[in-house]
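Descriptive analysis of the structure
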Amino acid sequence: MAQITAQSLHTAIYVLREELAGAVAAVATQADAEAFRITFLSRNGKVASLFEAMKSLPGPDKPVFGKKLNELKHYAEGIFAEAAARVESAAAAAPSQVDLTLPGRTLPAGSLHPVTQTLNEIKSIFVAMGFDIANGPEIEDDYHNFEALNFHPNHPARDMQDTFFVSKDVLLRTHTSPVQIRTMKKQQPPIRTIMPGRVYRNEAISARSYCTFHQVEGLFVDKHVSFSELKGTLVAFAKQFYGNDIKYKFRPSYFPFTEPSLEMDISCFLCKGKGCRICKQSGWLEVLGAGMVHPNVFRNVGIDPEEFTGYAFGMGVDRTALLRHGINDIRLLFENDVRFLRQF
Ligand code: PHE
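Procedures and definitions
- Residues numbered from 1 in each chain as written.
- Predicted model: local features only at pLDDT ≥ 70, side-chain atom pairs only at ≥ 80, totals over all residues.
- Heavy atoms only, no water.
- 1 Å grid on protein atoms, 1.4 Å probe; cavity = no way out; pocket = protein on both sides within 12 Å on 5 of 7 lines; lining within 4 Å.
- Points joined across faces, edges and corners; volume = space filled by probe spheres on them.
- Helix = DSSP H or I, 4+ residues; strand = E, 2+ residues; numbered from the N terminus.
- Nonpolar A, V, L, I, M, F, W, Y, C, P; charged D, E, K, R; others polar.
- Near = heavy atom within 4 Å.
- Areas by Shrake-Rupley, 256 points an atom, 1.4 Å probe, with all protein chains shown as cover.
- Sits in = over half its atoms within 2 Å of the grid points.
- Pairing = 2+ DSSP bridges.
- Buried < 20%, exposed > 50% of the residue type's maximum accessible area, 1.4 Å probe, protein only.
- Contact = heavy atoms within 4.5 Å.
- Patch = residues over 30% accessible without salt bridge, like charges linked within 9 Å, V, L, I, M, F, W, Y side chains within 5 Å.
- Salt bridge = Lys/Arg side-chain N within 4 Å of Asp/Glu carboxyl O.
- Lys, Arg positive; Asp, Glu negative; His and termini not counted.
- Charge placed at Lys NZ, Arg CZ, Asp CG, Glu CD.
- Disulfide = S-S within 2.5 Å.

This paragraph deals with the layout of surface pockets. Of the voids in this model, the largest pocket is the one considered here, and its volume is about 1,200 Å³. For the largest pocket, the lining is made up of 49 residues, of which Arg201, Phe213, Gln215, Glu286 and Gly316 are closest to its centre. Elements represented by at least two residues in the lining of the largest pocket include exactly β5 (212–222), β6 (248–255), β7 (258–267), β8 (284–293), β9 (309–316) and α10 (318–325). No other element matches the eight residues that β8 contributes to the lining of the largest pocket. Considering only residue class, the lining of the largest pocket consists of 24 nonpolar, 15 polar and ten charged. Lining of the second largest pocket is provided by Ala207, Arg208, Arg277, Ile278, Leu285, Arg319, Leu322, Leu323, Ile327, Asn328 and Ile330. Here the lining of the second largest pocket gets three residues from one element, more than from any other, and that element is α10. Across the lining of the second largest pocket, the residue classes tally to seven nonpolar, one polar and three charged.

In the vicinity of the ligand, 14 residues are found, and the nearest of them are His175, Ser177, Arg201, Gln215 and Glu217. Isolated, the ligand exposes 320 Å² of accessible area, and the fraction of that covered by the protein chains is 89%. Using a 2 Å cut-off from the grid points, one finds that the ligand occupies the largest pocket. For the shell around the ligand, the secondary structure elements donating two or more residues are β5, β8 and β9. Counting residues per element, the shell around the ligand draws most heavily on β9, which supplies three residues. Here the residues of the shell around the ligand are counted per class, giving five nonpolar, seven polar and two charged.

Turning our eyes to something else, we now look at the pairing of β6. In this structure, β6 lies alongside β7, joined through seven bridges in antiparallel fashion. If you follow Tyr248 over to β7, its bridge partner there is Ile266. Taken together, β6 and the strand that follows it, β7, pair antiparallel across an intervening segment of two residues.

We now examine the environment of Leu234. Here Leu234 shows up in helix α8 (residues 227–242). Using a relative accessible area of 0% as the deciding quantity, one classes Leu234 as buried. It is 21 Å that separates the C-alpha atoms of Leu234 and Ser282, two residues lying 48 residues apart in sequence. The contact partners of Leu234, leaving out residues within four places of it in the chain, are Phe250, Leu262, Met264, Leu288, Ala290 and Phe313.

Turning next to a positive patch on the surface. Where like charges cluster on the molecular surface, the positive patch consists of Arg208, Arg277, Lys280 and Arg319. Summarising the element assignment, Lys280 is placed in the loop between β7 and β8. Using a relative accessible area of 59% as the deciding quantity, one classes Lys280 as exposed.

As a further point, take the state of the cysteines. Summed over all chains, the structure comprises zero disulfides. Its sulfur unpaired, Cys268 is 3.6 Å from the next cysteine sulfur, which belongs to Cys271. Lacking any disulfide linkage, Cys276 is separated from the closest cysteine sulfur, that of Cys279, by 3.7 Å.

Taken across its ten residues, β8 has eight buried, putting it largely inside the fold. Here β7 runs beside β8; their pairing, made up of eight bridges, is antiparallel. Directly across from Asp265, in β8, lies its bridge partner Glu286. In this sheet, β9 lies alongside β8 in antiparallel orientation, the contact comprising five bridges. Note on β9: the bridge partner recorded for Gly289 is Gly314.

So, about the pattern of salt bridges. Tallying each qualifying case throughout the model produces twelve salt bridges. The shortest N-O distance in the salt bridge between Lys55 and Glu52 comes to 3.2 Å. Judged by its relative accessible area of 52%, Lys55 is exposed. When the shortest N-O distance is used, the salt bridge between Glu121 and Arg324 registers 3.0 Å. Here Glu121, found in helix α5 (residues 114–128), pairs with Arg324, found in helix α10; they are 203 residues apart in sequence, far enough to count as distant. The class of Glu121 is partly exposed, set by a relative accessible area of 33%. Accessibility expressed as a relative area gives 31% for Arg324, which makes it partly exposed.

Here it is, written out as structure tokens:
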């Protein structure tokens, strides 16, 4: 400031005060605060330069302006202190800086249980053939699990050896066949449904058997459903599921709710029928039971056996899952040890 007058210094003080007020409002970071300090409050800052200019005022004006400039300086220091405190506490509250170059943390991704995978595959094959999917309760009554399925009141399957009873009449279903009864009571033919689910049997627990496992039931009821259609469907399924090159055979069998009944064996897909530990050297694996729906079962659900025929089948799921993955102990499927499950 070259030729200073009282008037121009007065104006300069006013202008600087305005400038200070504007600049302090814009202070957002600690770096801004430091820039503010250097611009206005340092030894060569704008406030100091007005003190310097004041020196060339005529003598009597000096004390007056000295006072005004001191006020300005106090004002500037005060707002600076406030702003510095404000940005400092904001910085302390802010999260620590993010290092965007750090590698990401991988979250452990879950996987489907081997039994679920096997169930899904079985379901998709039958759904592609036109079957619906139905579910039923795992806690059943004697009527649905046995009586309506044509089990004689003294049938040994009702025995405490096989069935977990909740009370005299309530039990954990021993197979998925009670869902056949529930489906046929709800729906008139044509019925083409599979019924996957968990079943329970009071068996000694070992590497080969467990107190719970999974089955998939199948039911087809319509006019003129034939035994050869049953066999054709089972063969089509087995080839898709176990492989085109498997051999299969049907053995006559007995179930109270089907007549005639059969069981299906397939050539062991591990040893290709040569004989191994899994198929107990026989070369064959038993995979399912099936048959034509017994007329008594139709009568029990109110379907006329003179008008309709049907087939039903039931297959185990867990043993298949074991065989496919080369697992040698069924208990592993139910213990839910993540070190085991992580492998699938
Ligand atoms: N429910 C029978 C079982 O658990 C299997 C089966 C189902 C047989 C349907 C025939 C028809 O062994």
